[in-house]
Amino acid sequence: MLKKKQLDNIQGWFFIAPPVVVFTIFIFIPMFVALFISLQKWNLLSPMRFVGLANYSKMFSSGHFWNSVMVSLLYVAGTVPVTVVLGLIIAILLNQGIRGVSFYRIMIYLPVITSMAAAAIVFQYLFEPNIGLFNHILSLFGLPPMQWLNDRHQALLAVIIVGIWKRVGYNAIILLAGLQAIPRYYYEAATIDGASRFQMVRKITIPLLSSVTFFVTVMQIIASFKVFTSIVIMTEGGPARGTDVLPYFLYKNAFQYHKMGYASAAAIFLFIIIFIFTVLQFKFGEKKVHYQ
Amino acid sequence: MSKVKRKIGTTPPGLRIVIEGVLLFFVLLVNVPFFWMISTSFKLGPEILAYPPRMFPSKLNFDGYKYIWTLVPFARYFLNTLFVSFSISVSKIILASFAAYAFAKIPFKGKNTIFFIFLGTMMIPMEVIIIPNYITLNLIGWLDTYWALIIPFVVGAFSIFLLRQFFMQIPQDLDDAAVIDGCGRTRYLLTIVYPLSKPALLTVGLYAFLASWNSFLWPLIVTNSDNMRVIQIALKALQDSWMIDWTSLTAASTIATVPIIVLFFFVQKQFLEGIAITGLKG
């Protein structure tokens, strides 16, 4: 007869065995393998050759790589602040005791659950310079047509717009939950003290929501660094590498040029960026909501 | 005095109408792509090229849907996606619930360390380990199979975490009683814990289904034959070959999107609450 303690150990490990196996094979070992391959020259066919840090030094002296870093940073800078601020505004508006909140919540969330590939195709059509809806709308305001996906800078703007569209709803929903967790009596006290609506937003809502705002900001930064699908469908990194974000740079080098070592070095670089933000999240986002 | 008289915490009707107007405008704005997608999918060729663009098709024209259903095996892509997403959801519910139960209720050696390590897997983005995983699947000969699409995702740290939170709320007495009664833990989990945790299990399954249905990068890399193609990759392939046949492309996009939207409408309450809770709890 097994003792209860032994039985617990056996059963506990038995229950967690499947994830242990899956994570080991598909997450833990690959992390080390990625690091290992980044030190090799390898095209999948010929044998690997150890090259030390050559992939990294090649990468850091490559104009294309720094272009991708720049494009990714611009993409993050273009999407994150707008999604957070817009999300916050919508959340605050939703929290004003209006009717039909659940209707708005659903409708605002639709882009988040939508397939990015499908959305990107539709946006590509909307951005079409000659027959697209967006240029038509511009013309209604007497504005000249834009080149959108045919122009290096405007293409980046276009994918940024798609990114904002896709993710603003996520922020709004989470920030709304944060707002609803703020005790009512703060506002009641402020009302009695004669605070204006705007003052309450500025002095109560925004400070008390800072930790949730921090959380969504970091989530958006991480998600924006990983943008991929919209790029593949809408621009393929172009024109003239104007939208060649890091994940696409990585993908192209690995699966089109078969430079596995070089691509792995880029993967490690991407990992470090994302890891920094994740650690920030874990460190400072620990207690996300604290009012009292 | 007048300020004190203002009813505390409510919005005056005038302002409320303004706010509702702003929100309605925003809702319309974010839904333009959906409207445009569905409207375009029913348009005829000349209407697509018309400028200024027409809001609605002159009549419902099903050519786009007919093309994707007959010229390419779109039904196959659809069923592939359904099969893969469904398998992943079911296995995630089962495997994650066992692990979550162990973390919530069984005092076994190394529990906290392992749980911490599991949480750590959420910090590793798929983009970073995609090359090694591609190589692994190549070595075991799984490239371009259902295994490649399913097995790496049969269980996930996020699902385990979510279910553990839920299981911890179930009173420990219930667990102890069951064990003393000689009711094995597996049976206890299946007959007592499962019925109590239906909402949580459903949430895990839904997240998994949605993530799998919409996933793009992974199937793009590990599959290439027509037989194994999932709907998202089919969209990319159609776009490569048909380029500007916007009727068919938007018809395909509609089919890729609508099932998820319909599903979402049915379960949105649960779903959005889940997002809010997990979002706040990390």
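This report concerns the structure included in the present document.

Criteria and cut-off values
- Residues numbered from 1 in each chain as written.
- Chains lettered and ligands numbered in written order.
- Predicted model: local features only at pLDDT ≥ 70, side-chain atom pairs only at ≥ 80, totals over all residues.
- Heavy atoms only, no water.
- Salt bridge = Lys/Arg side-chain N within 4 Å of Asp/Glu carboxyl O.
- Buried < 20%, exposed > 50% of the residue type's maximum accessible area, 1.4 Å probe, protein only.
- Helix = DSSP H or I, 4+ residues; strand = E, 2+ residues; numbered from the N terminus.
- Phe/Tyr/Trp six-rings, centres within 6.5 Å; stacked < 30°, edge-to-face > 60°.
- Polar contact = N/O pair within 3.5 Å; in protein donor to acceptor, adjacent residues only side chain to side chain.
- Contact = heavy atoms within 4.5 Å.

**Focus on the pattern of salt bridges**
And then number 1: As enumerated under the stated definition, the model contains 10 salt bridges over all chains in all.
And then number 2: A salt bridge links Lys-252 of chain A to Asp-244 of chain A, with the shortest nitrogen-to-oxygen separation between them at 3.2 Å.
And then number 3: For Lys-252 of chain A, a relative accessible area of 9% corresponds to the buried category.
And then number 4: With its nearest N and O atoms 3.2 Å apart, the salt bridge here joins Asp-240 of chain B to Lys-236 of chain B. Of the two residues, Asp-240 of chain B and Lys-236 of chain B both sit in helix α14 (residues 231-242), 4 residues apart, roughly one turn of that helix.
And then number 5: Judged by its relative accessible area of 46%, Asp-240 of chain B falls in the partly exposed class.
And then number 6: Taking the relative accessible area as the measure of exposure, Lys-236 of chain B reaches 8% and is therefore buried.
And then number 7: One salt-bridge network, held together by shared partners, links Glu-236 of chain A together with Lys-236 and Asp-240 of chain B.

**A closer look at the packing of aromatic side chains**
Residue and element names in this part refer to chain A.
And then number 1: Following the criterion strictly, the structure yields 48 aromatic pairs over all chains and no others.
And then number 2: Geometrically, the ring pair formed by Phe-65 and Phe-269 is edge-to-face, given 5.0 Å between the ring centres and 80° between the ring planes. Within this pair, whereas Phe-65 is found in helix α3 (residues 63-94), its partner Phe-269 is found in helix α13 (residues 260-284), the two being separated by 204 residues in sequence.
And then number 3: Looking at Phe-65, the relative accessible area reads 0%, which means it is buried.

**Points about the environment of Pro-47 of chain A**
Residues and elements named next belong to chain A.
And then number 1: Mapped onto the elements of the fold, Pro-47 is located in the loop between β1 (40-41) and β2 (49-50).
And then number 2: Owing to a relative accessible area of 72%, Pro-47 belongs among the exposed residues under this scheme.
And then number 3: Placed 237 residues apart in sequence, Pro-47 and Phe-284 show a C-alpha to C-alpha distance of 45 Å.

**Observations regarding the side chain of Gln-124 of chain A**
And then number 1: Relative to the helices and strands, Gln-124 of chain A is located in helix α5 (residues 116-126).
And then number 2: On the accessibility criterion, Gln-124 of chain A (17% relative accessible area) is buried.
And then number 3: Within the structure, Gln-124 of chain A has its side chain in polar contact with the side chain of Gln-239 of chain B (distance 2.8 Å).
And then number 4: Each residue touching Gln-124 of chain A, except ones within four places of it in the same chain, is listed here: Leu-149, Ile-233 and Met-234 of chain A together with Gln-239 and Trp-246 of chain B.

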